[in-house]
Amino acid sequence: MFPLLRNPIHHPLLPLHKSLHLSLPLQSNTLPKHNGRRARKRTFQNNNNNSTNLPDPILLHQISHLLLLNRPQSLSRLHFTFSDHLTDSLLRHLRLHPTASLSFFHLASRQQHYRPHFPSYCLLVHILARAKMYAETRSFLNQLVSLHCKNNRSTFAVFDEIVAVYQEFGFAPIVFDMLLKVFAEKGMTKYALHVFDEMGRLGRVPSLRSCNCLLSKLVSGVEGRVAVMVYDQVVRMGIVPDVYMIAIVVNAHCLEGNVDVACGFVEKMERMGFEVNVVTYNGLINGYACKGDAEGVERVLMSMSERGVARNVVTWTLLMKGYCKQCRMDEAEKLLRVMEEDGSMVVDERVYGMLVDGYCQMGEMNDAVRIRDEMLRKGLKTNVFVCNSLVNGYCKHHQVHRAEELFREMVHWNLRPDSYSYNTLLAGYCREGQISKAFMLCDEMLRNGISPSVVTYNTVLKGLVHSGSYDKALCLWHSMGQKGVAPNLVSYCTMLDCLFKLGDSDKAMTLWKEILGRNFTKSAVAFNTMINGLCKMGKVVEAEAVFERMNELGCSPDEITYRTLSDGYCNSGKVLEAFKIKSVMEREAIYPSIEMYNSLINGLFKCKKSTDVTGLLAEMQKRGLSPNAVTYGTLISGRCDEGKLDVAFDLYFEMIERGFTPNSVICSKIVSSLYKADRISDATVILEKMVDFDLLTVHKCSGNLVKHDVLSLQAQKIADSLDKSAMCNSLPNNIVYNIAIAGLCKSGKVDEARSVLSVLLSRGFLPDNFTYCTLIHACSVAGNMNDAFNLRDEMLERGIAPNITTYNTLINGLCKLGNMDRAQRLFCKLHQKGLVPNAVTYNILISGYCRIGDVNEATKLREKMIEDGISSTRTPP
């Protein structure tokens, strides 16, 4: 079984503890009750009632007296053992004497076999805070959190104890605010939110500084939505925001993609009399720049000018970022020159780095290097960001060797590659199929003390799946769990894709249940991956169920969702259902893309409804969508299948006129259609341009096969339109040669196909499963089963293992000849050959037995098929 991870994942973006309370703080003088605190108070009272746990009152008095006299060194003359009960009792006894309390706590902490427990810390921080010894209070709160807040249980226990001490002492509520800030500064936003929430219950109001710290950490932790909710609560508490809070809230809105909302917020603040500084405006510019909205950036700049807010180097850098996002590199570089001429601005590595990154994203690597070199000539030093941008640019634009060279050169600039550097180069290796180099780089990461993150694993997983190394991907997934690296949404979607490509829908469904259980249901990506996998396997009904589940869980389908499901319907022959999906998405104001129209056109051809294609094309063009190369390829293929070669040829020439370059897929379809129409010479004329030898000679086409009609002239014209060198490089020779063999076989020219194969073998051609399966199928159709089996034996001699499709072809040929005994024997040997019969295998045999009237054998096979969990599209009579 596929090893699925079962350990629970704690999602980093947890909601507010018990939800945010959007009410005003309590005004009552009495403190609200708290179950955890009541339990803690009862424990304290019970301990007091147990005399065996209390220290000797005389000893307590002696220690307290010496501490109050500031003579802690004299305590050595007293014989006592440090314990939690003694420490807590003394702190309670000395709660109005912070210096004495602190002196004893320091002494206790220095003991070899004793360290104060967390309730002692809670007592001490209240004592110190009451005395306004805030520096010491913060220091001990940091110690308390570092030592005792290791998980949910311990952290909430610490907070409950702090509340209990506050209720007992009746002073120092500022401790709550200070604890909130400590949690926020340490990035423990989940617990900071808990403190923030509970302060409202206790009628306490956090300080503006602590709120700003919490909001800032939420935004930096990509929790913009939560930050906006916290801000709303802050305002309800009566806290007046300052310019820092306004800037943080703007960034929170922009983080969620709501830049217009952020703009409205700034305008509201200005109407209320708040002075908005350049930092806030820079946040708006960054928001629009990330969206590539240059007009939005211009509006913000105009607003800054109207209000007299001066632009700084950050403003210009963010404006440059916007131009780079829109690929307007000339304007971005002009900004650099303006900044250089302005003597008041310091143009640093960040500015140059932004421009370098922009050129890298566009693939203009020469310009990127030119700007990098200019930066070095100006006396600035290159940094990791600039190097990572260049490595990423080279990798994305298929120059991995250059990326590798630059990666190795980083050491000469005293730069140490970081995890992003490694992950970027890993992605480059995987994209190019250099998996062994990727694994070697992972080992290097470990040697250099950089632990592979979930991004690292995802990168290699994607590379393995893309290269077809599915078993290795499964092993890496298992290793990921053993190393304690929690998979994220990308990890799960990659593995779903892997399992579907393996054809293992059962394990994919098991993994899908785990995805739902881990609540990865907020994004449409997971649903789209699942729907796509099921549709590719022909399981459209199951895909429909996933689509319905998506709506139940409140995840909105996007254009990809609708297109994927529509494509599944089209491929399964349910084109009417596909058009229903189109209607649903249009009601949701989501309009079909050119890809979806191409899929619908293909579906209409498959369902023999080509008369509706013209109307669909008209609708597509009415919506401003022009046919692309795929559209023409689909139309040409459809017309070829209908035998309308003249129409297909007209479409081909129309495609050429519109500037689209024909590819081998389109030309191969035309060639195979000509073969099927018994126009061998016409097919050969075109195919000649796709291969690197004279097929006319091999085919030995006689004069009477050469026609001189309109189609022949058009075929010659198509051949003349092809750039032979480009076509030879567009597909591997093996694929083109297989097309030639398949075309001959489809036209019934098996002897000529075998003749072509003989010539190709002498030229170094390596036949594959497809080559032999095509020839075996042709022999079987012609009833030449001896030749078919001889070809099977030839495959084995060449080390090519026949697949289930090959054996299905052989079994089908035997069944058609009525040789059911031999067909049954071959079926029984499949397991010995390491092959598993599929639905096609069973249906061939069932049909064969039905054809000879042996209903009993057909029924037995039907029952075995159901027992093996294989669905059937046929039922024996």
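An unreviewed UniProt entry lists the chain under the name Pentatricopeptide repeat-containing protein, with Crotalaria pallida as the source organism. Quoted verbatim from the Sequence similarities (unreviewed entry) field of UniProt, the annotation for the chain is "Belongs to the PPR family. P subfamily."

(A) Quick look at the overall build of the chain. Within the chain, the regular secondary structure consists of 48 helices and 0 strands. Burial analysis of the chain (877 residues in total) assigns 49% to the buried set. The contacts of the chain with a sequence gap of at least 6 include a subset with a gap of at least 24, amounting to 63%. Total accessible area on the chain stands at roughly 42900 Å², and carbon and sulfur atoms take up 52% of it.

(B) A look at the pattern of salt bridges. Inspection of the entire model under this criterion finds 33 salt bridges. Linking glutamate 198 and arginine 201 is a salt bridge whose minimum nitrogen-to-oxygen distance equals 2.8 Å. Of this pair, glutamate 198 and arginine 201 both sit in helix H9 (residues 189–201), 3 residues apart, which is roughly one turn of the helix. Accessibility expressed as a relative area gives 1% for glutamate 198, which makes it buried. Residues participating in the shared-partner salt-bridge network are Glu333, Arg337, Glu340, Asp367, Arg370, Glu374 and Lys378.

(C) Structural view of helix H43 (residues 769–781). For H43, with 13 residues, the first-to-last C-alpha span of 18 Å sits near the 18 Å given by 1.5 Å per residue. A large share of H43 lies buried, amounting to 10 of its 13 residues. For H43, the complete set of buried residues consists of Asn769, Thr771, Tyr772, Cys773, Thr774, Leu775, Ile776, Ala778, Cys779 and Ser780. Where H43 begins, the side chain of aspartate 768 points an oxygen toward the backbone nitrogen of phenylalanine 770, at a separation of 3.1 Å.

(D) Inspection of the side chain of asparagine 282 at higher detail. With respect to the element layout, asparagine 282 can be found in helix H14 (residues 278–291). By relative accessible area, asparagine 282 is classed as buried at 6%. Within the structure, asparagine 282 has its side chain in polar contact with the side chain of threonine 315 (distance 2.7 Å).

(E) Structural detail: the packing of aromatic side chains. Across all of its chains, the model carries 20 aromatic pairs by this definition. For the pair tyrosine 121 and phenylalanine 140, a centre-to-centre distance of 6.3 Å together with 55 degrees between the ring planes defines the contact as tilted. Of this pair, tyrosine 121 sits in helix H5 (residues 118–130) while phenylalanine 140 sits in helix H6 (residues 134–148), and the two are 19 residues apart along the sequence. There is no split in this pair, since tyrosine 121 and phenylalanine 140 are both buried. Look at tryptophan 477 and tyrosine 492: their rings are 5.4 Å apart centre to centre, the planes differ by 70 degrees, and that puts the pair in the edge-to-face class. Within this pair, whereas tryptophan 477 is found in helix H25 (residues 470–482), its partner tyrosine 492 is found in helix H26 (residues 489–502), the two being separated by 15 residues in sequence. Look at tyrosine 492 and you get buried, because its relative accessible area is 0%.

(F) Here's a closer look at the nonpolar core. Ranked by internal contacts, the top residues of the largest apolar core, which has 258 residues, are Met320 and Ile670. When residues no more than four places from it in sequence are discounted, the contact partners of isoleucine 670 are Ile636, Cys640, Phe649, Tyr652, Ile686 and Ile718. Counting residues in hydrophobic clusters, the runner-up holds 15 residues, among them Leu75, Phe82, Ala100 and Phe104.

(G) Up close: the packing of helix H8 (residues 174–185) against helix H10 (residues 208–220). Where H8 contacts H10, the axes come no closer than 9 Å and their chain directions differ by 25 degrees. With respect to H10, the element H8 is oriented roughly parallel. Like other packed secondary-structure pairs, H8 and H10 cross with a definite hand, here left-handed. Along the contact surface, H8 presents Asp177, Leu180, Lys181, Ala184 and Glu185, while H10 presents Arg209, Ser210, Cys213, Leu214 and Lys217. Split into classes, the residues belonging to the contact of H8 with H10 amount to 4 nonpolar, 1 polar and 5 charged.

(H) Spatial organisation of helix H47 (residues 839–851). An ideal rise of 1.5 Å per residue puts 18 Å on 13 residues; H47 measures up with 18 Å between its terminal C-alpha atoms. When we look at burial in H47, the residues that qualify are Thr841, Tyr842, Asn843, Ile844, Leu845, Ile846, Gly848 and Tyr849. Next to the buried residues of H47 lie helix H45 (804–816), helix H46 (820–828) and helix H48 (855–867). Capping the start of H47 is the job of one residue whose side-chain oxygen sits 3.1 Å from the backbone nitrogen of valine 840: asparagine 838.

(I) Main features of unusual backbone geometry. A positive phi angle is found at asparagine 414, which is not glycine, with a value near 60 degrees. Mapped onto the fold, asparagine 414 is located in the loop between helix H21 (400–409) and helix H22 (419–431). According to the relative accessible area criterion, asparagine 414 is exposed, its value standing at 73%. Positive phi values are uncommon outside glycine, yet asparagine 519 reaches one of about 65 degrees. Position of asparagine 519 among the secondary structure elements: in the loop between helix H27 (505–517) and helix H28 (524–536).

(J) Representation of the environment of methionine 354. Residue position: methionine 354 is located in helix H18 (residues 349–362). Look at methionine 354 and you get buried, because its relative accessible area is 18%. Each C-alpha atom of the pair methionine 354 and cysteine 324 lies 8.1 Å from the other, and the pair is 30 residues apart in sequence. Dropping the residues within four chain positions of it, methionine 354 is found in contact with Thr317, Met320, Lys321, Cys324 and Phe385.

(K) Structural view of the environment of alanine 473. Inspection of the secondary structure puts alanine 473 in helix H25. Separated by 25 residues in sequence, alanine 473 and cysteine 498 have C-alpha atoms that sit 7.7 Å apart. Setting aside residues no more than four positions away along its own chain, alanine 473 makes contact with Leu461, Leu464, Val465, Met495 and Cys498.

(L) Just the packing of H18 against helix H20 (residues 384–396), in detail. It is at 8 Å that the axes of H18 and H20 come closest, and there the two elements cross at 5 degrees. By the criterion of interaxial angle, the relationship of H18 to H20 is roughly parallel. Residue-level contacts link Gly353, Met354, Val356, Asp357, Cys360 and Gln361 of H18 to Phe385, Val386, Ser389, Leu390, Asn392, Gly393 and Lys396 of H20. A breakdown of the residues in the contact of H18 with H20 according to their chemical character gives 6 nonpolar, 5 polar and 2 charged.

(M) Focus on a negative patch on the surface. A contiguous patch of negative charge, built from Asp646, Asp650, Glu654 and Glu657, is present on the exposed surface. As for its placement among the helices and strands, aspartate 646 is situated in helix H35 (residues 645–657). The class for aspartate 646 is partly exposed, based on a relative accessible area of 45%.

(N) Spotlight on the side chain of serine 668. Take serine 668: it is sitting in helix H36 (residues 664–676). For serine 668, a relative accessible area of 9% gives the class buried. Here serine 668 is in contact with Met690 and Ile739, once residues within four sequence places are set aside.

(O) Inspection of the confidence of the model for the chain at higher detail. Considering every residue of the chain, the mean pLDDT works out to 85; 90% of them sit at 70 or more. Predicted confidence in the chain is weakest over helix H1 (residues 35–49), with a mean pLDDT of 40, and strongest over H5, with 96. Across residues 700–705, where pLDDT falls below 50, the model places 4 contacts with residues more than four positions away in sequence or in other chains.

About the thresholds
Residues numbered from 1 in each chain as written. Predicted model: local features only at pLDDT ≥ 70, side-chain atom pairs only at ≥ 80, totals over all residues. Heavy atoms only, no water. UniProt positions renumbered as here; feature names shortened; annotations may be inferred. Helix = DSSP H or I, 4+ residues; strand = E, 2+ residues; numbered from the N terminus. Buried < 20%, exposed > 50% of the residue type's maximum accessible area, 1.4 Å probe, protein only. Contact = heavy atoms within 4.5 Å. Areas by Shrake-Rupley, 256 points an atom, 1.4 Å probe, with all protein chains shown as cover. Salt bridge = Lys/Arg side-chain N within 4 Å of Asp/Glu carboxyl O. Expected span 1.5 Å × (residues − 1). Polar contact = N/O pair within 3.5 Å; in protein donor to acceptor, adjacent residues only side chain to side chain. Phe/Tyr/Trp six-rings, centres within 6.5 Å; stacked < 30°, edge-to-face > 60°. Core = buried A, V, L, I, M, F, W, Y, C linked by side-chain atoms within 4.5 Å. Axes fitted to C-alpha atoms, helices over the stretch in contact; angles between N-to-C directions. Parallel < 35°, antiparallel > 145°, perpendicular 65-115°, else oblique. Left-handed = near helix turned anticlockwise from the far one by under 90°. Nonpolar A, V, L, I, M, F, W, Y, C, P; charged D, E, K, R; others polar. Patch = residues over 30% accessible without salt bridge, like charges linked within 9 Å, V, L, I, M, F, W, Y side chains within 5 Å. Lys, Arg positive; Asp, Glu negative; His and termini not counted. Charge placed at Lys NZ, Arg CZ, Asp CG, Glu CD. pLDDT = per-residue confidence, 0-100.

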